[in-house]
Amino acid sequence: MYRIALVQNTSEMRSYSFADLRAPLAEMGFDVVHFTSENIGSLDTELSHGIDCVVFASNSLHDDALKSHVYGEEFCRAFEKYLENGAVLVMHQYKLAVKAEDADCVPTLPFLGKNIRLIKDSRTKEERESDERCYLAAPQGKAYLSFPNVVSPAETFAHAIGCPGIPGDYSMILEGNENEWLTVMTDAQGRGVIKRAVDKKIVFSSVMLDYQRHLKLLENVLVNLLTSNMSLAVFKERAENNLGFSYFLNHLENQKLYFKHYSADEREYMLENIKCGVHSGVLVGSGMMERLTDEDLRAIDMAGVKLIKLRDRKNDGDDFFEVHSVDKTSCLNFARAEREVQEELAKSSRESSFMVRVDLLSALSEFKGLCRGEYTADKLEVLLSDAKRRVDDSGNGSYDDTFGATCRVLWLFYTFLGAEDEYTRRVYKYVSECDVCRNAAREKLDKYNMLSLFEANRAEYLRANCAPIINATDIDDINEYDMLMLLDIAYTTDDTALTEKLVGYAEKHIDGHHVGFGIYAAAVTASRLTDIYQCLSNRSDAVSCDICRRIERLLFDLIKYFNSDSYICSRVDERLRVACALYKFESVTSFPVADLAELLFKTGTFPKEKCEQEGYIDSYQSVRLKNDSLYLEKERLAQECAGMEKKVSELKREVRHKSRLEIALYLALFVCVVAIYLVVDLTIKLVDLGEPIVDNMIEKAVNWWPAFVGAIIIPFAKHIIKRFSKKKQK
């Protein structure tokens with residue numbers, strides 16, 4: 001049972017019968033310690049004696065004695081220390097609010113921290129009545145409106161407006177650093193009327209939860225504030241009276257670990273609460289696992305929630321718990337690694353290796369249900385366009401005439417464009433026709449491994465084509481990357497003999513004190529061995545059982561290595577592969593029940609961190625898509641510029657050609673004018689034979705030379721001026 005320190009104003013309690021919150025809190029199951037101005041001085045010491053939450057009732061700080069004490073430096077220091085683990089709910093405090101323009105640097109609620117103040121709603125009565133009046137749920141506040149009671153924001157608003165004692169909606173908002181507060185419920189304008197702190201257990205409500213008797217919402221706020229997403233969903237029939245089960249729940253209750261019972265007909269309600277981050281674990285009673293569908297189990301796994309099953313004594317012997325989902329730490333590690341993948345995919349082709357990015361996508365392809373980002377052809381347009389351009393440049397369907405890289409391109413096109421895409425078929429043709437008979441075994445196996453993607457019976461295709469290569473390979477002479485390729489083939493073809501040889505090879509390089517592989521190879525080895533272990537663990541023959549025991553020892557050594565401080569991941573592909581290996585390993589393991597309560601406590605903060613990781617992934621994905629669009633726009637503009645340059649060069653040639661024609665035209669015109677002049681003058685002289693013709697023509701030419709020179713200079717001057725003006729305009 002949680003202990004709540006309830007701080008109330010005695011004058012308010014005398015004036016309003018609904019101002020006393022003691023009875024409603026007791027009905028909710030809380031142990032209430034009451035404080036007024038008469039005993040507020042003892043609150044300082046009580047904070048360190050099992051107080052789980054301090055509730056400042058509406059208008060409680062109107063009392064001068066209460067306000068004077070909680071605003072004092074001594075109380076503020078004690079309260080700051082209390083908030084390291086404790087919780088506080090502050091409700092409507094009308095007289096503390098000031099107008100926005102009158103707010104000074106003095107905090108309104110100094111015991112909560114610096115620069116926190118209450119600002120009065122600046123809307124007039126007419127504006128408030130004309131606004132669309134309602135409350136809305138914020139994305140981060142779903143849990144507060146769903147658990148343990150289903151509460152509608154619209155009904156909450158209607159209840160506030162119709163309250164007979166103190167009707168009306170909020171009249172103030174909490175002002176603080178936006179990065180330090182998350183909104184639980186907003187008004188129609190998007191202003192937060194209920195807010196919670198990001199890194200502390202603090203909730204402020206402008207809504208009068210107590211005076212207006214929003215008791216369901218009040219209980220939701222307190223439960224979510226106190227449990228901090230560490231509550232347990234107990235999925236069992238209420239008639240079940242298993243002694244061990246009941247004793248375990250009683251132990252959790254004594255440890256103040258909140259849990260909620262759900263019967264079979266409440267399954268959908270439980271799943272909704274799991275999806276919005278209410279619960280950190282699901283405890284399933286005997287005979288109830290069959291009530292959960294495969295889709296339900298995927299939803300529980302994606303939410304990072306631990307699923308624990310109580311085995312049935314009648315069918316399984318003694319009662320015991322069995323863990324059915326991975327540890328939230330692995331989910332969180334995977335989420336962090338995926339965030340880094342988004343960062344890597346956001347880089348340009350010059351900043352990041354094509355092979356690395358394809359390898360990252362290959363690793364993520366095994367965890368489609370766990371990935372939060374979208375990995376489709378539309379989202380990976382730049383990576384695909386880069387590969388297409390390289391294939392086009394080579395002309396023969398290869399990626400830079402490199403076989404290994406071309407195999408990666410074939411997987412990329414097959415996965416995201418499909419088997420029938422034009423580019424996929426071109427790359428397939430190159431890989432299938434490429435002669436690798438002189439290459440090492442890994443390249444030969446890589447060829448058939450990629451081509452098998454297009455076969456209806458992939459395992460049979462690999463057996464037929466890879467057997468001669470494997471038989472000719474000396475396992476003692478391979479390296480760790482050859483081993484990874486052979487492990488892939490062994491797993492796909494279910495080749496137990498090859499698996500046994502590879503396990504023996506791994507045992508020579510991995511023991512309890514030393515791992516002889518690099519981090520990447522060690523992580524992929526752990527993932528492949530886990531896949532093989534899952535396949536062989538269902539068999540009862542002696543060989544399979546022996547291989548499973550040997551794989552277990554290898555996995556324990558590898559996981560111990562990953563959890564130690566002796567290795568450092570310097571690359572994103574290494575960190576992702578390690579996260580994948582840990583996730584796969586923990587998906588096939590069970591934890592002892594003795595550690596269950598501690599495990600739930602330690603990993604209870606996951607939903608908040610998970611939401612932060614999802615936010616990071618969304619951010620990086622949007623940045624990556626923006627970078628992709630800018631990259632494509634740059635390519636388009638570069639093509640347009642090339643086209644424009646070509647047009648400019650053509651226009652220059654045309655201008656030069658026209659200039660030559662213009663000069664030739666001017667010369668022809670000048671010659672024509674001179675010729676006409678001579679013909680006319682000669683004709684006149686022939687009619688008038690009084691003077692010698694030749695002498696007269698020479699004399700005329702000498703007298704008229706300025707006209708002839710002008711006929712030449714004027715057009716040329718005009719041409720030069722015209723060209724000069726064009727250059728000046730450019």
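For the structure, see preceding data.
Parameters and conventions
- Residues numbered from 1 in each chain as written.
- Predicted model: local features only at pLDDT ≥ 70, side-chain atom pairs only at ≥ 80, totals over all residues.
- Heavy atoms only, no water.
- 1 Å grid on protein atoms, 1.4 Å probe; cavity = no way out; pocket = protein on both sides within 12 Å on 5 of 7 lines; lining within 4 Å.
- Points joined across faces, edges and corners; volume = space filled by probe spheres on them.
- Helix = DSSP H or I, 4+ residues; strand = E, 2+ residues; numbered from the N terminus.
- Nonpolar A, V, L, I, M, F, W, Y, C, P; charged D, E, K, R; others polar.
- Core = buried A, V, L, I, M, F, W, Y, C linked by side-chain atoms within 4.5 Å.
- Buried < 20%, exposed > 50% of the residue type's maximum accessible area, 1.4 Å probe, protein only.
- Contact = heavy atoms within 4.5 Å.
- Axes fitted to C-alpha atoms, helices over the stretch in contact; angles between N-to-C directions.
- Parallel < 35°, antiparallel > 145°, perpendicular 65-115°, else oblique.
- Left-handed = near helix turned anticlockwise from the far one by under 90°.
- Pairing = 2+ DSSP bridges.

A.B. asks: Looking at this model, I keep getting lost on empty space enclosed by the protein. Mind explaining?
C.D. replies: Unfilled space is identified by rolling a water-sized probe across the atoms. Summed over all chains, the structure comprises eight cavities of 30 Å³ or more. One number sums up the size of the second largest cavity: a volume of about 60 Å³. In terms of lining residues, the second largest cavity is bounded by Ala490, Tyr491, Asp494, Asp495, Thr496, Thr499, Ile532, Cys535 and Leu536. Of all the elements in the fold, those that place two or more residues in the lining of the second largest cavity are α21 (480–493), α22 (496–509) and α23 (519–536). Grouping the amino acids of the lining of the second largest cavity by side-chain chemistry returns five nonpolar, two polar and two charged.

A.B. asks: What is the right way to read the nonpolar core from this model?
C.D. replies: What tends to happen in soluble globular proteins is that the nonpolar side chains get buried as a cluster. Core analysis: the largest hydrophobic core is formed by 51 residues, its most contacted members being Leu25, Phe30, Leu89, Leu218 and Leu222. At seven residues, helix α9 (residues 215–227) tops the list of elements feeding residues into this core. The contacts of leucine 222, once residues within four sequence positions are left out, are Ile4, Leu25, Phe30, Cys53, Val55 and Leu89. Leu345, Trp411, Tyr423 and Tyr461 belong to the second-largest nonpolar core, a separate cluster that totals 48 residues.

A.B. asks: Where do I start with the packing of helix α15 (residues 354–364) against helix α17 (residues 403–416) in this structure?
C.D. replies: How two helices pack is summed up by the angle between their axes together with the distance between the axes. Running from N to C, α15 and α17 point in directions that differ by 45 degrees, and their axes come no closer than 10 Å. Between α15 and α17, the angle falls in the class oblique. Viewed along their axes, α15 and α17 form a crossing whose handedness is left-handed. Taken together, the residues of α17 that come into contact with α15 (itself represented by Phe354, Met355, Val358, Leu361 and Ser362) are Gly404, Ala405, Arg408, Val409, Trp411, Leu412 and Phe416. The residue makeup of the contact of α15 with α17, split by class, is nine nonpolar, two polar and one charged.

A.B. asks: Explain the pairing of strand β14 (residues 306–310) to me, please; I cannot follow it from the model alone.
C.D. replies: Residues in a regular strand project their side chains so that they alternate between the two faces of the sheet. Counting buried positions along β14 yields five of five residues, so the element is predominantly enclosed. Neither face of β14 is left uncovered, since the one carrying Lys306, Ile308 and Leu310 and the one carrying Leu307 and Lys309 both have all their residues buried. Bridge count between strand β13 (residues 279–284) and β14: four bridges; the pairing is parallel. Looking at the pairing, leucine 283 lines up with isoleucine 308 of β14.

A.B. asks: Quick question: what am I supposed to make of the packing of α17 against helix α19 (residues 441–451) here?
C.D. replies: Where α17 contacts α19, the axes come no closer than 10 Å and their chain directions differ by 15 degrees. Relative to α19, the element α17 is oriented roughly parallel. Here α17 runs over α19; the crossing is left-handed. Residues Phe403, Cys407, Arg408, Leu410 and Trp411 of α17 touch α19, and the partners they reach there are Glu443, Asp446, Lys447, Met450 and Leu451.

A.B. asks: Even after reading the chapter, I still don't get the sheet that holds strand β10 (residues 201–205), so can you show me in this structure?
C.D. replies: Strands pair in a sheet through their backbones, by hydrogen bonds, and they do so in one of two ways: parallel or antiparallel. What the eight strands build is an open sheet, ordered β2-β1-β3-β4-β10-β9-β8-β6; its pairing is mixed. The open sheet has two edge strands with one neighbour each: β2 (31–35) and β6 (135–137). Averaged over all neighbouring strand pairs, the angle between strand axes comes to 20 degrees, with direction disregarded. Here strand β1 (residues 3–7) pairs with strand β3 (residues 53–56) via four bridges, running parallel. When the sheet's bridge partners are listed, isoleucine 4 is paired in β3 with cysteine 53. Sitting on the sheet, helix α5 (residues 73–82) touches β3 and β4 (87–90), and the angle it makes with β3 is about 130 degrees. Against the sheet, helix α8 (residues 153–161) makes contact with β6 and β8 (181–187), and its axis sits at roughly 155 degrees relative to β6, the strand it touches most.

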